[in-house]
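Breakdown of the fold
If you want the building blocks of each chain, they are given just below.
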Amino acid sequence: QVHLVESGGGLVQAGGSLRLSCAASGSIFSFNVMGWYRQAPGKQRELVATITRRGSTNYADSVKGRFTISRDNAKNTVYVQMNNLKPEDTAVYYCRGRIIPYTYWGQGTQVTVSS
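Reference entry: report on the structure contained in this document. These figures come from a predicted structure and were not determined experimentally.

Quick notes on the rules
- Residues numbered from 1 in each chain as written.
- Predicted model: local features only at pLDDT ≥ 70, side-chain atom pairs only at ≥ 80, totals over all residues.
- Heavy atoms only, no water.
- Helix = DSSP H or I, 4+ residues; strand = E, 2+ residues; numbered from the N terminus.
- Rg over C-alpha atoms; globule rule 2.2 N^0.38 Å.
- Buried < 20%, exposed > 50% of the residue type's maximum accessible area, 1.4 Å probe, protein only.
- Contact = heavy atoms within 4.5 Å.
- Lys, Arg positive; Asp, Glu negative; His and termini not counted.
- Charge placed at Lys NZ, Arg CZ, Asp CG, Glu CD.
- Salt bridge = Lys/Arg side-chain N within 4 Å of Asp/Glu carboxyl O.
- Pairing = 2+ DSSP bridges.
- Core = buried A, V, L, I, M, F, W, Y, C linked by side-chain atoms within 4.5 Å.
- Disulfide = S-S within 2.5 Å.
- Phe/Tyr/Trp six-rings, centres within 6.5 Å; stacked < 30°, edge-to-face > 60°.
- Lys NZ or Arg CZ within 6 Å of the ring centre and 35° of its normal.

Quick notes on the overall build of the protein chain
For the protein chain, the helix and strand inventory stands at 0 helices and 11 strands. The linear arrangement of helices and strands in the protein chain, starting from the amino end, is β-β-β-β-β-β-β-β-β-β-β. The C-alpha atoms of the protein chain give a radius of gyration of 13 Å, which matches the 13 Å a tight globule of 115 residues would have. Counting over 115 residues, the protein chain shows a buried share of 40%. Restricting the contact set of the protein chain to residue pairs at least 6 apart, pairs at least 24 apart contribute 53%. The distance from the centre of the 13 positive side-chain charges to the centre of the 6 negative ones in the protein chain is 7 Å.

Quick look at the pattern of salt bridges
Applying the stated criterion across every chain yields a total of 4 salt bridges. With a closest N to O distance of 2.9 Å, Arg38 and Asp89 form a salt bridge. Here Asp89 lies in the loop between strand 8 (77–82) and strand 9 (91–99) and Arg38 lies in strand 4 (residues 33–39), a separation of 51 residues in the sequence. Overall, the relative accessible area of 1% leaves Asp89 in the buried class.

What about the pairing of strand 4?
Residues in a regular strand point their side chains to alternate faces of the sheet. Among the 7 residues in strand 4, 5 count as buried, and that is most of the element. What sits between the antiparallel neighbours strand 4 and strand 5 (residues 46–52) is a turn of 6 residues, in which Gly42 has the positive phi angle 75°. When strand 4 meets strand 9, the two strands line up antiparallel, connected through 7 bridges. Of the residues in strand 9, the one forming a bridge with Tyr37 is Tyr94.

Looking at the nonpolar core
Counting residues in each nonpolar core, the largest one holds 28 residues, and the members touching the most others are Met34, Trp36, Phe67, Val78, Met82 and Tyr93. Taken together, the elements giving at least two residues each to this core come down to strand 3 (18–24), strand 4, strand 5, strand 7 (67–72), strand 8, strand 9 and strand 11 (109–114). Among all residues touching Met34, those that are not within four sequence positions of it are Leu4, Cys22, Ile28, Ala49, Thr50, Ile51, Ile69, Val78, Cys95, Arg96 and Gly97.

What to know about the state of the cysteines
For the structure on display, the rule yields 1 disulfide. Paired through a disulfide, Cys22 and Cys95 show a sulfur-sulfur distance of 2.0 Å. Disulfide Cys22-Cys95: torsion about the S-S bond near -75°, hence left-handed. Taken together, the positions of Cys22 in strand 3 and Cys95 in strand 9 put the pair 73 residues apart, joining distant regions of the chain.

Some thoughts on the packing of aromatic side chains
Here the structure, examined in full by the defined rule, presents 3 aromatic pairs. An angle of 85° between the planes, with centres 6.4 Å apart, marks the rings of Tyr94 and Trp105 as edge-to-face. One end of the pair, Tyr94, is in strand 9; the other, Trp105, is in strand 10 (residues 102–105), and 11 residues separate them in sequence. Here the aromatic residues Tyr37, Tyr94 and Trp105 are joined through ring pairs into a cluster of three or more. The ring of Tyr94 has Arg45 lying over it, and the distance from NZ or CZ to the ring centre is 3.7 Å.

See below:
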């Protein structure tokens, strides 16, 4: 069974940085795509960034230039470096992995950005 475990969330002031980690229970080579999503209170879950097995990346317009997704295959971990954080980035951040046709989610980690 596949497990994804996020870590690295917390409280940070606007303009600050955080790095979230998503550790997979098995090899991340198994995943066609891995990504980060977020859900703010009262809002739908939305895409933040994705990275394919080949390393191609995709970002939501709202985070382009501020967030960077990366992967460490040796550690079976995917990261998102978040810089210049804004209060509107406050949300629960979830890691998602796709092994077609299945989708796996982590339990989420809270990110709170104070103004």
